[in-house]
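# What the coordinates show
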2 protein chains.
Amino acid sequence: MKIREIGEFGLIDKLVGRLGPGDESVVVGIGDDAAVTAYASGTHVVTTTDMLVEGVHFRTDTIDDRSLGYKSLAVSISDIAAMGARPRHAVISLAIPVEMDVERLEDLYAGVADICAEFATVVVGGDITKTSGPLVISVTLLGEIEAGRALLRSGAKPGDLLFVTGTVGGSAAGLDYLEHGRTTAFATRGEAEVGQLLQFHQRPRPQVVAGRLLLESGACTSLNDVSDGLASECNEIAKLSGVRLELDAEQLPLHDGVRQYAALRELDPVQWALFGGEDYQLVGTIQPTEAQRTEALFAKNSLSLTVIGRVTAEQSVGVTLHYAGQAHELKPKGYNHFG
Amino acid sequence: MKIREIGEFGLIDKLVGRLGPGDESVVVGIGDDAAVTAYASGTHVVTTTDMLVEGVHFRTDTIDDRSLGYKSLAVSISDIAAMGARPRHAVISLAIPVEMDVERLEDLYAGVADICAEFATVVVGGDITKTSGPLVISVTLLGEIEAGRALLRSGAKPGDLLFVTGTVGGSAAGLDYLEHGRTTAFATRGEAEVGQLLQFHQRPRPQVVAGRLLLESGACTSLNDVSDGLASECNEIAKLSGVRLELDAEQLPLHDGVRQYAALRELDPVQWALFGGEDYQLVGTIQPTEAQRTEALFAKNSLSLTVIGRVTAEQSVGVTLHYAGQAHELKPKGYNHFG
């Protein structure tokens, strides 16, 4: 069905119909000039915004519409997680090519509803418009955090340990599989193994619980999410904290399937972890005396936290990569939209 | 200068450099995973979002970049005003054609800074990306309101009076002047008169003070902002309140310059007021016993509030336009992006 058949307001009705119910924090939801939301006293509001453009951030041949909806919010939920906060309310705007089918947008919103249900997040507003260009998805997400407790990128201290949650490099591996792997021997593996690779790329799970555990630990000194790759994220922490990070490549937590797929492709999965991005795990620093206790806390919650390096007192700010017995200066090399 | 010469991060530095300082409500500003902001206890957060696309919402031949920056936020501030709230914090995302000059974006942000200074609003974050399509501007604005006091579209009661603030139809008149008027006799008028028409279209002033006065009056029963034209906005109030509105065209407050320009163009300025939109005044309903007192309150603040009709108890929901001695059913006819 084309949008012109139901018009702007018909489309809004269909999309809103895909969303789940609100909760008691939503005083005024979709349908007035603005939404009104209530936060617990003693908390601050945490706000992040991300804009995703077809052909730049996603392509229809590597992600289905429902996963795209899921991932569009995952990106922002991950930013909220990286502050140690809880996601609460989202607004979503779409610039839509006029020929786009209504069903595709409904699938997109089904994915939005999936992740909102998973993370107790409510969509409270949005805007839609036509465009002569590619599909643009803009998400702004509001979260809630105990006043004065936000985990920043700027608190790393010499002596702290560098850690990452979960595994890294999986999103780049999944993208590589979608682009080059479907004709390799890996494609003959079971659905679960292939599906895991695809999930790393298409439905990355933001680490809200991990962020909360790190906040509760009281020992996390800096935190960032892995959107642009570890090289870029570690450099951000180093720069904002005014420290040097020493990253040990051999300690990087890589998923077994990712290692095996990389071997098959004769590629180095460490490169995916450092420069691939979109893993949406959390990377940060922690007081050394508290690392073991925090690892145990993670394990108790079926999550993992891996020490991958340390913070040193060197004068020069930056990141040193220790890899195969050699030390390299690790440059950010994150994705530069206009590089 | 092209963006590729300074890269994504160079551009961000330049744009952030255009913005004014924060205030004590900003706990964490631009530069981390997310912003952290504090609101007074006893308040709720009001959130609105708008997406503007070049060629759909604006054209470079009818608005300069600095005014575009101003107007991009004015649209959202107006939504906050229409809740009776105060704007506080904004996030802005841009999808930018790669060939766009850096100077144009700096001008855009100068306009953002203009309106932020005027309305005590702080930009606390954003996102930029390239696009193969037209420039897209996405603004999300957070405001603050006393808990339980938001002015909705749904409270109009039979017997209430219908009002509008300021004057209406000016934005459509300004756009008409830009498209057709520059070769008319109106162009020979003084700069102030022509400038006023252009300002209605290019730098509409959101009615935050008016919204606050309406909230404080305790007599405002419904409120909406005039983004799509009075016909559309009145129908929204009628629909959400379950009432009929009677709108008297002869009472519409039209600016003298707009009347004179319309006469020159042999056009009816009432059509601009009803269907033009983008005036960003407030339209709503008020208890009849309090109308005079509220008008006086407005006058004391150098603002105007004009009664333009009333709410009736008829069974059928909608809007009746009384014009030149006849009664018409006034249909919404707002802009439909996919109509």
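This structure is a prediction, so every number in the text was calculated from the model and none was measured.

## Some remarks on a negative patch on the surface
Negative charge collects at one region of the surface, where Glu5(A), Asp64(A), Glu103(A) and Asp107(A) lie side by side. Among the structural elements, Asp107(A) can be located in helix α3 (residues 102-118).

## Some words on the pattern of salt bridges
Residues and elements named next belong to chain A. Within this structure, the stated rule accounts for 42 salt bridges over all chains. The residue Glu-329 makes a salt bridge to Arg-244 at a minimum N-O spacing of 2.9 Å. Of this pair, Glu-329 sits in strand β13 (residues 326-329) while Arg-244 sits in strand β9 (residues 244-248), and the two are 85 residues apart along the sequence. Arg-244 sits in the buried class, given a relative accessible area of 4%.

## As for the domain arrangement of chain A
Residue and element names in this part refer to chain A. Taken domain by domain, chain A holds domain 1 (3-146) and domain 2 (161-329). Taken over C-alpha atoms, the centre of domain 1 sits 27 Å from the centre of domain 2. Facing the 26 residues of domain 1 at the interface are 21 residues of domain 2. Between domain 1 and domain 2, the buried area comes to about 2,000 Å², and carbon and sulfur atoms account for 52% of it.

## Describing the pairing of strand β4 (residues 86-97) of chain A
When a strand is regular, its side chains alternate between the sheet's two faces. Residue and element names in this part refer to chain A. Counting buried positions along β4 gives 10 out of 12 residues, so the element sits mostly inside the fold. In terms of strand pairing, β4 meets strand β6 (residues 136-146) through 9 bridges, oriented antiparallel. In the sheet register, Val-91 faces β6, and the bridge partner there is Thr-140. As a crossover connection, the stretch from β4 through α3 into strand β5 (residues 122-131) is right-handed.

Analysis parameters
Residues numbered from 1 in each chain as written. Chains lettered and ligands numbered in written order. Predicted model: local features only at pLDDT ≥ 70, side-chain atom pairs only at ≥ 80, totals over all residues. Heavy atoms only, no water. Patch = residues over 30% accessible without salt bridge, like charges linked within 9 Å, V, L, I, M, F, W, Y side chains within 5 Å. Areas by Shrake-Rupley, 256 points an atom, 1.4 Å probe, with all protein chains shown as cover. Salt bridge = Lys/Arg side-chain N within 4 Å of Asp/Glu carboxyl O. Lys, Arg positive; Asp, Glu negative; His and termini not counted. Charge placed at Lys NZ, Arg CZ, Asp CG, Glu CD. Helix = DSSP H or I, 4+ residues; strand = E, 2+ residues; numbered from the N terminus. Buried < 20%, exposed > 50% of the residue type's maximum accessible area, 1.4 Å probe, protein only. Domains from an automatic or database assignment. Contact = heavy atoms within 4.5 Å. Buried area = accessible area lost by both parts, 1.4 Å probe. Pairing = 2+ DSSP bridges. Right-handed = clockwise from strand over helix to strand, strands pointing away.

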